[in-house]
There are 2 protein chains.
Amino acid sequence: MSKSLPKRSEDYSLWYNELVKRAGLAENSAVRGCMVIKPYGYAIWEKMQRTLDDMFKRTGHENAYFPLFVPKSLFEAEEKNAEGFAKECAVVTHYRLQTDPDRPGKLRVDPNAKLEEELIVRPTSEAIIWSTYKGWIQSYRDLPLLINQWANVVRWEMRTRLFLRTAEFLWQEGHTAHATEGEAVAETRQMLDVYAQFAEEWMALPVVKGVKTENERFAGAVDTYCIEGLMQDGKALQAGTSHFLGQNFAKAFDVQFQTKEGGLEHVWGTSWGVSTRLMGALVMAHSDDEGLVLPPKLAPIQVVIVPIYKTGQLEEVMERIRPMQMGLIARGISVKVDDRDTERPGFKFAEWELKGVPVRIAVGLRDLEAGTVEVARRDTKEKMTLPLADIVNSVDQLLADIQQNIYQRALRFRETHTTRVESYEEFKQVLDTTAGFVLAHYDGTSETEERIKEETKATIRCLALNEPDEDGVCMLTGKPSVRRAYFARAY
Amino acid sequence: MSKSLPKRSEDYSLWYNELVKRAGLAENSAVRGCMVIKPYGYAIWEKMQRTLDDMFKRTGHENAYFPLFVPKSLFEAEEKNAEGFAKECAVVTHYRLQTDPDRPGKLRVDPNAKLEEELIVRPTSEAIIWSTYKGWIQSYRDLPLLINQWANVVRWEMRTRLFLRTAEFLWQEGHTAHATEGEAVAETRQMLDVYAQFAEEWMALPVVKGVKTENERFAGAVDTYCIEGLMQDGKALQAGTSHFLGQNFAKAFDVQFQTKEGGLEHVWGTSWGVSTRLMGALVMAHSDDEGLVLPPKLAPIQVVIVPIYKTGQLEEVMERIRPMQMGLIARGISVKVDDRDTERPGFKFAEWELKGVPVRIAVGLRDLEAGTVEVARRDTKEKMTLPLADIVNSVDQLLADIQQNIYQRALRFRETHTTRVESYEEFKQVLDTTAGFVLAHYDGTSETEERIKEETKATIRCLALNEPDEDGVCMLTGKPSVRRAYFARAY
């Protein structure tokens, strides 16, 4: 609280890192690339989890839990998947430590406790789960199999950033098996819709739904669908993916089922996931130079009440605050009363602004005598004097307004940062000025995509599902194109 | 469903393993010692989690998340803790795989990707958490620090059993820091009470609260408190532990705070945990030769409704079932209607018995005409014909009765399997006949405790908190004793 945050306009990246730490969301740990998720950050993640979990259950999924470790021989069974993750795997090779004979009081790996087969710490769980599904699926009656898992995974990233890219992260991974290709594709699309709904209605983050190009596809998938959000620095962020796996894993792990007609076929698979990366998206989409701006639906504390008083008055003010507090709680609103006698109101205001509490109510005896309280909304910083008598309804409405407003603000930002360009020159110019999403024609080849990436650091975020067909020519090669792609520099 | 379960009286151990698998709770995985928790088992665990999490929050705790990995240098900082867990640690030594030059399509550990410092997969998180607390605690204002974590941990056990002892398991671990010894001891005892309340009121498992002897103490703790339950084979099971850590970890990780008076002192710590082991306790405490018997408060499905019909009548019966189903749901009761047209009622009855659904309602047209339904309770297998008009109230009451009844049954079992003995002969005889808890005097030394363990396989489960002082003599050495200890063979 001692010094102000770096400004977004001066150093967006530093602003983000400092904000995440100072608001109490997360910090770096003693383990390279791994973070500690602090209580306030974890409380937001818990709200995300609870909401998503309810959505998964309403769409027929059940939770289960599979091992953290994947034996190497299973890991390598689906070749593309293995190849895609091999370079960033943490590998367990031993199962015991012993006293180090050379350094008293210290431990070393026991050379006699080497595993016969190395264990991979799961970077994703397709391999271990499909090897299990082989035992669960015999007949069409066992399908569809609709399972989700909440878990930690490890990907040994070289350059890490709190929430956005960490060696260990928390996520959910859905893994489903179906009798037909059509059902599996429908499941893939359904879960993409669930993610988009969550992003827009709960995170207040507008997203583009689309499909990845081959270059950006999940290793082992036939198609990767994604939702892409836009951050305030004009960079895109992939906020969730849903993969149609075809029969790739079913074939790699020999998962076949007896059809109604008595035949034997490989099942069709999907997998889909969102992670603690969503926390990074939430921070970067809405927050400002004073601190976090949280959508009310995900804020651990929705309203903070700060008593304003002179020495000796605290008890009297607190007594007047209590009915309001109880009224808000009864309405299902989470309230914090900051009755610390060690800090001044100005300090408290700044602290709750930093933490992104959507609504702040300041209550002093003079206001109370007039039958009013002072209400400040975090998103616009607007202050209002509102009648105490109707405060619960007012706050309830205000929270709904804030949720809407920050969504609309993010949507307007995306609209003003989505540009259609007709030439490569224009493309590069937009990237270096307004940035954001750039919709451009390209010839559909990996080579062109790769060259654009090398020259501009922009990648194809997706081929948007709602983007209409439009004849055009590739901005780079002049070859024909039938639809624009969403390009952007991205996290 | 094809063959019946092994009987408890014939092979308790086989009965347990088969039941866990056939009821769909868990199964062994492709990874040595690691299990897959299946959807039905996970649904019970989720209910446990939700309940415990609420209890932790009501007692002022917040959740957070700390890294899966512990660098070896941190791991070894608290010597006793390190020594206690060193022999069962999974160790990550490399962070990359590469194509095996000798075996095309296969992978091997990349010898150039060796970690400078090995990472221990957490067997418990004191080390990583206390190294973090050093940064969080400066002043008495930062205390108490009351944090809980839901996580997976790994202990490389050589002999594993589903839920009871697995290489990886899920648990929660609370880690708190306090300004005074008194506060830390009070926290340790409070969490023991929380665990006991959960075990008794939710799991319907009566437990003995006590403190462990030095031999059985958590590595690094000053005192380990525990709750001990009794299984139907007369063996005890430790269902939760709460450790008073003194200043051991604060000293090992140099966590000091400025006192109100301006001094500098090490903080006092606690840690406490329960794990998926509770699932094993739940199964072994109540279930019978037909399958699971679940306490209604933790049953994922509390009531199953089975329509009884002749060909062509299903739709009519279902239509009559719906209002009852809706009424039960409105009362907050979880209901499953088993409308499968592919299985006969007898098959369905056996399946839901195996899965331990507390109440089964069979509904046929003839009953409906008489305004009744047939209700069967899982715990006593009693069948009743009850009026349809009042069925929601009846079922609600019945669920409460079942919860009470299985608790009382387990309590009676414990009472008839708790024996006070006066001699070592008697002690050994009881262990080999009724088994259960044996209350005996011993001289309080580790040597005597160790010798008893070697000769009888019985350990001191705890020194019970409510056991009165009583002068006596050690059954083995004849030396004086002031209180009886709880002995048992144990899981």
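About the criteria used
- Residues numbered from 1 in each chain as written.
- Chains lettered and ligands numbered in written order.
- Predicted model: local features only at pLDDT ≥ 70, side-chain atom pairs only at ≥ 80, totals over all residues.
- Heavy atoms only, no water.
- UniProt positions renumbered as here; feature names shortened; annotations may be inferred.
- Least-squares fit on C-alpha atoms with pLDDT ≥ 70 in both.
- Contact = heavy atoms within 4.5 Å.
- Axes fitted to C-alpha atoms, helices over the stretch in contact; angles between N-to-C directions.
- Helix = DSSP H or I, 4+ residues; strand = E, 2+ residues; numbered from the N terminus.
- Left-handed = near helix turned anticlockwise from the far one by under 90°.
- Buried area = accessible area lost by both parts, 1.4 Å probe.
- Salt bridge = Lys/Arg side-chain N within 4 Å of Asp/Glu carboxyl O.
- Polar contact = N/O pair within 3.5 Å; in protein donor to acceptor, adjacent residues only side chain to side chain.
- Nonpolar A, V, L, I, M, F, W, Y, C, P; charged D, E, K, R; others polar.
- Pairing = 2+ DSSP bridges.
- Buried < 20%, exposed > 50% of the residue type's maximum accessible area, 1.4 Å probe, protein only.
- Arc of directions from axis to C-beta.

As annotated in an unreviewed UniProt entry, chain A carries the name Proline--tRNA ligase and is attributed to Hymenobacter terrestris. Recorded under Function (unreviewed entry), the UniProt text for chain A is reproduced unchanged: "Catalyzes the attachment of proline to tRNA(Pro) in a two-step reaction: proline is first activated by ATP to form Pro-AMP and then transferred to the acceptor end of tRNA(Pro)."

(A) Just the relation of the copies chain B and chain A, in detail. Note on the identical chains: chain B maps onto chain A by a rotation of 180 degrees and an axial translation of 0.0 Å, with an RMSD of 0.0 Å. Expressed as an axis order, the relation between the two copies is that of a two-fold axis. By C-alpha distance to the rotation axis, the residue of chain B lying nearest is Val92(B), at 2.1 Å. The overlap is high: 100% of the interface residues of chain B also sit at the interface in chain A, so the same surface is used on both sides.

(B) View of the packing of helix 1 (residues 12–22) of chain A against helix 8 (residues 277–286) of chain A. All names here are of chain A. Here helix 1 crosses helix 8 at 120 degrees, and the two axes come no closer than 11 Å. In terms of crossing hand, the pair formed by helix 1 and helix 8 is right-handed. Counting all contacts with helix 1, which are made through Tyr-12, Trp-15, Tyr-16, Leu-19 and Val-20, the residues of helix 8 involved are Gly-280, Val-283 and Met-284.

(C) Fine view of the interface of chain B and chain A. Between chain B and chain A, the contact holds 62 residues from the first and 62 residues from the second. Taken together, both faces of the contact between chain B and chain A bury some 5,300 Å²; the carbon and sulfur share is 66%. At the boundary of chain B and chain A, one finds 2 salt bridges. Along the contact surface separating chain B from chain A lie 30 residue pairs in polar contact (both at pLDDT 80 or more). The element that contributes the greatest number of residues to the side of chain B that touches chain A is helix 2 (residues 39–58) of chain B, accounting for 6 residues. Of the residues in the side of chain B that touches chain A, the class split is 38 nonpolar, 6 polar and 18 charged. Direction of pairing for strand 5 (residues 91–94) of chain A relative to strand 5 (residues 91–94) of chain B: antiparallel, over a ladder of 3 bridges. Across the sheet, residue Val91(A) finds its bridge partner in strand 5 of chain B, namely His94(B).

(D) Representation of helix 13 (residues 424–432) of chain B. All names here are of chain B. Buried within helix 13 are the following residues: Tyr-424, Phe-427, Val-430 and Leu-431. Along the axis of helix 13, the buried positions cluster into a sector of 125 degrees, meaning they face one direction only. Structural note: helix 13 exposes Glu-425, Gln-429 and Asp-432 on the side pointing more than 90 degrees away from its buried face. Structurally, helix 13 contributes buried residues whose contacts are with strand 22 (418–420), strand 23 (437–441), helix 14 (446–456) and strand 27 (484–488).

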